[in-house]
Structure formats: structure tokens, C-alpha cells
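# Coordinates in review
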Amino acid sequence: MAIHDSASITVLPGTHSLPLPIPAGTETLLTSVFLKSSGPDSKIFIEVSVCWRAEASQLPIVPKIILRLRRGGATPDFPEVSQIADSYYVNRKTSSIPATTTFYHVESPEPGTAGLYQTYYLTAESAGIGRITVMGPIVLNGTTIGYS
């Protein structure tokens with residue numbers, strides 16, 4: 001096995017549009033990465049890490065962030081290849097504590113895509129009770145591994 005392609009993006013706190021409030025019920029693009037498919041026997045490995053926090057509230061809340069990885073585009077029209085939801089209990093004492101959600105995704109390239117680039121889009125959605133803000137860093141790493 002050999003590494004055929006790799007790509008990485010890190011969006012640091014205070015850069016670009018961070019911190020980024022995430023509207024409830026709306027999928028918001030965070031970042032993307034391009035990876036070249038090598039062949040039908042290869043694997044694409046993707047690692048995601050997003051630091052976020054809940055907005056302060058007078059009442060205890062349970063905010064929820066939904067992170068999605070989509071192939072080909074950032075809207076619901078494109079295939080969702082991975083999703084994770086995370087939440088934590090927030091009261092006045094814990095509201096300023098950030099949380100980091102990390103997940104991994106592995107897939108085989110789509111048939112007929114050998115030698116072509118695939119774009120993977122990371123999105124976030126706010127759900128549950130309360131508002132969330134993506135603080136950063138946002139890390140999106142991808143690697144294509146296959147036989148040489």
C-alpha cells in the first residue's frame with residue numbers, strides 16, 4: 001500500500017469567518033478538501049475535528065451540533081457520506097467551555113472515478129435547544145491509499 005494523494009486544511013480560531021454562528025436547522029459550509037481517486041482497490045481516509053461552543057443562556061440547555069461530510073457539493077442535494085451529532089449539557093457555569101468533536105470516515109472511491117478528484121465538503125448544523133458557534137480550529141485531513 002502507498003499514499004497516492006493527501007490534502008489537509010486547518011482553519012484557526014480568529015481567521016477567515018471564525019467564530020461562526022451556526023443557524024438552527026440550516027446546513028452551513030465549514031471547509032472542503034480535494035482528493036484524487038487512484039483505483040477501485042484504493043481507500044479514502046478522512047479525519048475531521050471541529051471545536052465549538054454553546055451560546056450563553058439563563059436556562060440550562062442541551063445544544064446539538066450535526067457535522068456532515070458530503071461528496072461533490074455542500075447542499076443536501078449531494079450524497080452524505082458521513083454524519084455525527086454531538087451535544088453537551090450547558091448551564092451558566094459551563095456555557096463558555098468549548099467542545100471538540102472528532103470523527104473519521106473511510107470509503108472506497110466511486111466506480112469510474114479512478115484518476116479523478118473528489119471534493120469532500122464539511123458542513124455543520126445546529127439542532128437541539130440553544131445556539132452554537134464554531135470557534136475553531138476546524139481540521140479536515142484526507143488521504144488516498146492504494147496499491148502502486
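A brief structural summary.

### Thoughts on the pairing of strand 8 (residues 117-128)
Within strand 8, 10 of the 12 residues are buried, leaving the element largely enclosed by the surrounding structure. Here strand 3 (residues 28-36) runs beside strand 8; their pairing, made up of 8 bridges, is antiparallel. The residue bridging Phe34 from the neighbouring strand is Thr119, located in strand 8. Pairing geometry for strand 5 (residues 63-71) and strand 8, over 9 bridges, is antiparallel.

### Some thoughts on the side chain of Thr119
Topologically, Thr119 is positioned in strand 8. Beyond its immediate sequence surroundings of up to four residues, Thr119 is in contact with Ser32, Val33, Phe34, Arg70, Arg71 and Gly72.

### Comments concerning the packing of aromatic side chains
Under the defined criterion, the tally for this structure stands at 1 aromatic pair. Ring geometry for Trp52 versus Tyr88: centroids 5.2 Å apart, planes at 50°, classification tilted. Note that Trp52 is positioned in strand 4 (residues 43-54) and Tyr88 in the loop between strand 6 (80-87) and strand 7 (99-107), a separation of 36 residues in sequence. For Tyr88, a relative accessible area of 17% puts it in the buried group.

The rules behind the values
- Residues numbered from 1 in each chain as written.
- Predicted model: local features only at pLDDT ≥ 70, side-chain atom pairs only at ≥ 80, totals over all residues.
- Heavy atoms only, no water.
- Buried < 20%, exposed > 50% of the residue type's maximum accessible area, 1.4 Å probe, protein only.
- Helix = DSSP H or I, 4+ residues; strand = E, 2+ residues; numbered from the N terminus.
- Pairing = 2+ DSSP bridges.
- Contact = heavy atoms within 4.5 Å.
- Phe/Tyr/Trp six-rings, centres within 6.5 Å; stacked < 30°, edge-to-face > 60°.

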